[in-house]
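As a plain string of letters, each chain reads:
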Amino acid sequence: MISGVRLIAGGGNHTCAATASELFCWGDNAEGQLGLGTTTNHQTPQRVTGLPGPPTQIVAGATHTCAQVGLQLFCWGGNVSGQLGDGSTTRRASPVEITAGLANDPADEIGRA
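These numbers come from a predicted model, not from an experiment.

1. So, the overall build of the chain
- The number of helices and strands found in the chain is 1 helix and 8 strands.
- Counted from the first residue to the last, the chain has its helices and strands arranged as β-β-β-β-β-β-β-β-α.
- Relative to its full complement of 113 residues, the chain shows a buried share of 36%.
- A separation threshold of at least 6 residues defines the contact pool for the chain, and within that pool the share at least 24 residues apart is 37%.

Dropping the structure here:
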């Protein structure tokens, strides 16, 4: 059980929730959208590693997830249409920092999305 949830996002068939110190995801993981470094599905919350701190925002699409940590943006999962924003169409099973095309303050860009 996760206690102290302060953020939650639901995607196509997966869910992520953040506490003040950690991010957890569970559900379908066929495209790596849980951010666990694998494509194994999980029916219970799993701690996401690879982020420099707790997220201040999380969003989940059908097969991908993004999290803002401070002024940094990270995305992972399906990327067939380039939705991760890393300049590729390569699936990412772990969080990848997104910097290309963002202004000096990624928080401003996310707020406009």
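So much for the structure itself; the text now carries on.
2. A short note on the state of the cysteines
- Under the criterion given, the structure shown has 2 disulfides.
- The residue that forms a disulfide with Cys16 is Cys25, at a sulfur-sulfur distance of 2.1 Å. Linking Cys16 and Cys25, the disulfide has an S-S dihedral of approximately 110° and is accordingly described as right-handed. Accessibility classification places Cys16 together with Cys25 in one group, the buried group.
- At a sulfur-sulfur separation of 2.1 Å, the disulfide partner of Cys66 is Cys75. For the disulfide bridge between Cys66 and Cys75, the dihedral angle about the S-S bond is near 110°, and by the sign convention the bridge is right-handed.
- In the chain, the bonded cysteines, taken in the order they occur along the sequence, pair up as 1-2, 3-4.

3. Re the sheet that holds strand E8 (residues 92–98)
- Strands sit in the order E5-E6-E7-E8 across an open sheet of 4 strands; the sheet is antiparallel. Edge positions in the sheet fall to strand E5 (57–60) and E8, since each of these pairs with one other strand and no more. With strand direction ignored, the average angle separating the axes of adjacent strands in the sheet is 15°.

4. Quick word on the pattern of salt bridges
- Inspection of every chain in the model, using the stated rule, returns 3 salt bridges.
- Two residues, Asp86 and Arg92, come together in a salt bridge whose shortest N-O distance is 2.7 Å.
- For Arg92, a relative accessible area of 26% translates into the label partly exposed.

What counts, and at which threshold
- Residues numbered from 1 in each chain as written.
- Predicted model: local features only at pLDDT ≥ 70, side-chain atom pairs only at ≥ 80, totals over all residues.
- Heavy atoms only, no water.
- Helix = DSSP H or I, 4+ residues; strand = E, 2+ residues; numbered from the N terminus.
- Buried < 20%, exposed > 50% of the residue type's maximum accessible area, 1.4 Å probe, protein only.
- Contact = heavy atoms within 4.5 Å.
- Disulfide = S-S within 2.5 Å.
- Pairing = 2+ DSSP bridges.
- Axes fitted to C-alpha atoms, helices over the stretch in contact; angles between N-to-C directions.
- Salt bridge = Lys/Arg side-chain N within 4 Å of Asp/Glu carboxyl O.

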